[in-house]
Amino acid sequence: MGEEIIPDALQASDVPENEALAGVNETVENVEQEEVEETVNYSDFSLAEMAQIFDRLLLSGDKVKLLKEAEAIKSAFYKKLIKEKSEAGYGAVSGDSASDEIEVPVEPDDKVSDNPFEEIERGFKVLYAKYRKERAEFNRQLEKEREDNLEKKQAVIEDLKALLEKQEDVNATFPEFREIQNRWRAIGPVPMQSFRNLNDTYQLYVEQFYDMVKINRELRDLDFKKNLEVKEQFCEAAEKLAENENVVEAFKELQKLHEQWKEYGPVAKQFREEIWDRFKAATAVINRKYQAYYEGLKEKQLENLEAKSRLCELVEEIAKREISSSNEWNSCSKEIEEIQKQWKGIGFASKKENQKIYDRFRAACDDFYNRKRDFYTEYKDNINANLEKKIALCEAAEALKSSTEWKKTTDQFINLQKQWKEIGAVPRKKSEQLWKRFRAACDDFFNERDRNVKPENDFYGNLKAKQQLVEDIKAYVLSNDEDTDIDAMNAFMNRWQEIGFVPFKEKDKIAAAYKDALHDKFKDLSAKARKARYVKAPKSEKERLVQKYMKKEQDIVTYENNIGFFAMSKNSEPLIRQMQERIAQAKQELKELEDQIRKIDAASADEE
């Protein structure tokens, strides 16, 4: 047996290393801890998909992942459920917030609800109840294991304490001490509230063992050598981690090495500072990389936040635009879709800001699509109303097409055609069909009218006269005298007005030819010439008002007449209401015109 010594040097030289290690750990713990793993954004999934994900997690047996993801899935599920139920017009959700505890009946109701949201919510509740049961069982097991570990480690401390009280030969005492250390390391975690006190007590007795036990140099050196070999392996592992490109993974592994380092005793004095400096140097490299990584991550997250803020502003601007047509809505929708693609290409903002900026972006998108939905709802109502109006016009035209009161019915058809043009769009699938139906009724009447034309209503003769007038306009040679040309233009216009109706099928074509010929020939006339077109306009304000009054009276007669033949149509209610509104408005305008004429008469009387 070699020379035995009291290991004062061991105990004394062990303290600086422990103190230095504590300093490094303090530095490591001060490095900002943030969640770097990208969490799944469950709000992008449908309700059914979230339920399926939850079910798969339950079946996987991965308790850690289940506990980590369950509440996030629940929160996203009920947010989406509340939103979709509200949009669909259903009532409130029973578990409608992330803080609510879901209750599942003891005796499940097998009756299937007509409400699809109740069914999917009920299925989710069953899954969540199963999760809560597993979570409670897992927590109970975990707590029991920690309590068992506490008892085991307390037993180890009692054994260590008993070992200190022995005064046996080191050959028997030191192997037993090593066995106690191995037992201590092999035991798992204990309750958090007991950890510090338990660990301090253990370390105290370890130090007392080195103070009190007499150990021979051979065994001590062997222990030092073993500790040195292990710590060299720790240094090599730390140096290899320093080369790892995955900084976060390297940092986490480093924490494990530090915990293991604490479990081993000192090394020989001549190697103590060197081995610690080596381990500390590798630790410093990883810590610097880790700190730099988070600084870069923060900068990138700030850039992402700024980029997403700009996209929010774009969507908010689009959502506030005054949009009045379907083409504009489609164009804006494409802009929104393009912005959404850009959004998906941008990484996460900081954990504090990420949800806020997403909520802002989602709110702006929702505002746009809600307005678009309202527009198309109103648009659909309008085109359906227009459809009813045009059907009523078709039925009115079909009721009139057999009439032989040529003059009166011609005026009525002209009025129907005018109203047809005033009515807005109808569903595309019905548009062409309705127009053909309406045009067929018009053609039937006008063709029959043309076949029964009287000498005084020579439509084809009128057509020839108007064609000749167009040729005369084209043949006219402009003079150098503007007044002469104005008189000629007025003469052409008067001739046109004096010629009667032409065949219905030809009226648009000859009217266009007349307008083009007149414009081409007299386009260079001055403003004076353009005013001359209205030679028939009233010469006084009173005459203008009287003429307007007479025109309004004629409009009322026409509207009342329309109501009469619209009554023959089964879909005429919208048009009848429209005619009644026009009559009421025209009568109000008549009263206003009458008041204006009386004021002019009164003023003229005062002047006389």
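Residues numbered from 1 in each chain as written. Predicted model: local features only at pLDDT ≥ 70, side-chain atom pairs only at ≥ 80, totals over all residues. Heavy atoms only, no water.

1. Focus on the overall build of the protein chain
Okay, so step 1: Check the secondary structure of the protein chain and you find 19 helices and 2 strands.
Okay, so step 2: Excluding contacts between residues fewer than 6 apart, the proportion of contacts in the protein chain whose partners are at least 24 apart in sequence is 79%.
Okay, so step 3: For the protein chain, the computed accessible surface area is about 37,400 Å², with 50% contributed by carbon and sulfur atoms. (Helix = DSSP H or I, 4+ residues; strand = E, 2+ residues; numbered from the N terminus. Contact = heavy atoms within 4.5 Å. Areas by Shrake-Rupley, 256 points an atom, 1.4 Å probe, with all protein chains shown as cover.)

2. Here's the deal with helix α2 (residues 47–60)
Okay, so step 1: With 14 residues, α2 extends 20 Å between its outermost C-alpha atoms, agreeing within 8% with the 20 Å of an ideal straight helix rising 1.5 Å per residue.
Okay, so step 2: Tucked inside the fold, the buried residues of α2 contact α3 (63–88) and α4 (116–165).
Okay, so step 3: Directly after α2, the chain includes Gly61, whose backbone phi takes a positive value near 80 degrees. (Expected span 1.5 Å × (residues − 1).)

3. What about the pattern of salt bridges?
Okay, so step 1: In total, this model carries 23 salt bridges according to the counting rule given.
Okay, so step 2: The partner of Glu121 in a salt bridge is Lys125, with the nearest N and O atoms 4.0 Å apart. Highlighted residues: Glu121 and Lys125, both in helix α4, separated by 4 residues, approximately one helical turn. For the residue pair Glu121 and Lys125, the accessibility class agrees, reading buried in each case.
Okay, so step 3: Across the pair Glu137 and Arg140 runs a salt bridge whose closest N-O atoms are separated by 2.7 Å. Of this pair, Glu137 and Arg140 both sit in helix α4, 3 residues apart, roughly one helical turn.
Okay, so step 4: Judged by its relative accessible area of 34%, Glu137 falls in the partly exposed class.
Okay, so step 5: A single salt-bridge network, built from bridges that share partners, covers Glu317, Arg321 and Glu335. (Salt bridge = Lys/Arg side-chain N within 4 Å of Asp/Glu carboxyl O. Buried < 20%, exposed > 50% of the residue type's maximum accessible area, 1.4 Å probe, protein only.)

4. Points about the packing of aromatic side chains
Okay, so step 1: Counted under the stated rule, the structure contains 32 aromatic pairs.
Okay, so step 2: Judged by centre distance (5.4 Å) and plane angle (55 degrees), the ring pair of Tyr128 and Tyr131 falls under tilted. Pair noted here: Tyr128 and Tyr131 are both in helix α4, with a separation of 3 residues, about one helical turn.
Okay, so step 3: Taking the relative accessible area as the measure of exposure, Tyr128 reaches 1% and is therefore buried.
Okay, so step 4: Judged by its relative accessible area of 1%, Tyr131 falls in the buried class.
Okay, so step 5: Centroid distance Trp184 to Tyr202: 3.9 Å. Interplanar angle 5 degrees. Geometry classified as stacked. Linking Trp184 in helix α5 (residues 170–186) with Tyr202 in helix α6 (residues 192–212), this pair joins segments that are 18 residues apart in sequence. (Phe/Tyr/Trp six-rings, centres within 6.5 Å; stacked < 30°, edge-to-face > 60°.)

5. Some details on the packing of α3 against α4
Okay, so step 1: Where α3 meets α4, the closest approach of the two axes is 11 Å, and the angle between their N-to-C directions is 160 degrees. Classified by the angle their axes make, α3 and α4 are roughly antiparallel. Along this stretch, α3 crosses α4, giving a crossing that reads as left-handed.
Okay, so step 2: Counted by class, the contact of α3 with α4 contains 14 nonpolar, no polar and 9 charged residues. (Axes fitted to C-alpha atoms, helices over the stretch in contact; angles between N-to-C directions. Parallel < 35°, antiparallel > 145°, perpendicular 65-115°, else oblique. Left-handed = near helix turned anticlockwise from the far one by under 90°. Nonpolar A, V, L, I, M, F, W, Y, C, P; charged D, E, K, R; others polar.)

6. Section: a negative patch on the surface
Okay, so step 1: A cluster of acidic side chains, namely Glu229, Glu232, Glu236 and Glu274, defines a negative patch on the protein surface.
Okay, so step 2: Sort the elements by how many residues they give to the negative patch and helix α7 (residues 217–242) lands first, with 3 residues.
Okay, so step 3: Positionally, Glu232 belongs in helix α7. (Patch = residues over 30% accessible without salt bridge, like charges linked within 9 Å, V, L, I, M, F, W, Y side chains within 5 Å. Lys, Arg positive; Asp, Glu negative; His and termini not counted. Charge placed at Lys NZ, Arg CZ, Asp CG, Glu CD.)

7. Side note on helix α14 (residues 459–475)
Okay, so step 1: For α14, which comprises 17 residues, the first-to-last C-alpha distance of 24 Å matches the rise-based estimate of 24 Å (1.5 Å per residue) to within 8%.
Okay, so step 2: Regarding α14, the residues found buried are Phe459, Asn462, Leu463, Lys466, Leu469, Val470 and Ile473. Along α14, the residues classed as buried sweep out an arc of 120 degrees about the axis, all on the same side. The outward face of α14, more than 90 degrees from its buried face, is lined by the exposed residues Lys464 and Ala475.
Okay, so step 3: Where α14 is buried, its residues meet α13 (428–451), α15 (482–498) and α16 (507–522). (Arc of directions from axis to C-beta.)

8. Considerations on the packing of helix α10 (residues 326–345) against helix α11 (residues 351–400)
Okay, so step 1: Look at α10 against α11: their axes get within 11 Å of each other, and the N-to-C directions meet at 160 degrees. Classed by the angle they form, the pair α10 and α11 counts as roughly antiparallel. For the pair α10 and α11, the sense of crossing is left-handed. Facing Ser326, Trp329, Asn330, Cys332, Ser333, Ile336, Glu337, Ile339, Gln340 and Trp343 of α10, the residues of α11 in contact are Ile357, Tyr358, Phe361, Arg362, Cys365, Phe368, Tyr369, Arg371, Lys372, Phe375 and Tyr376.

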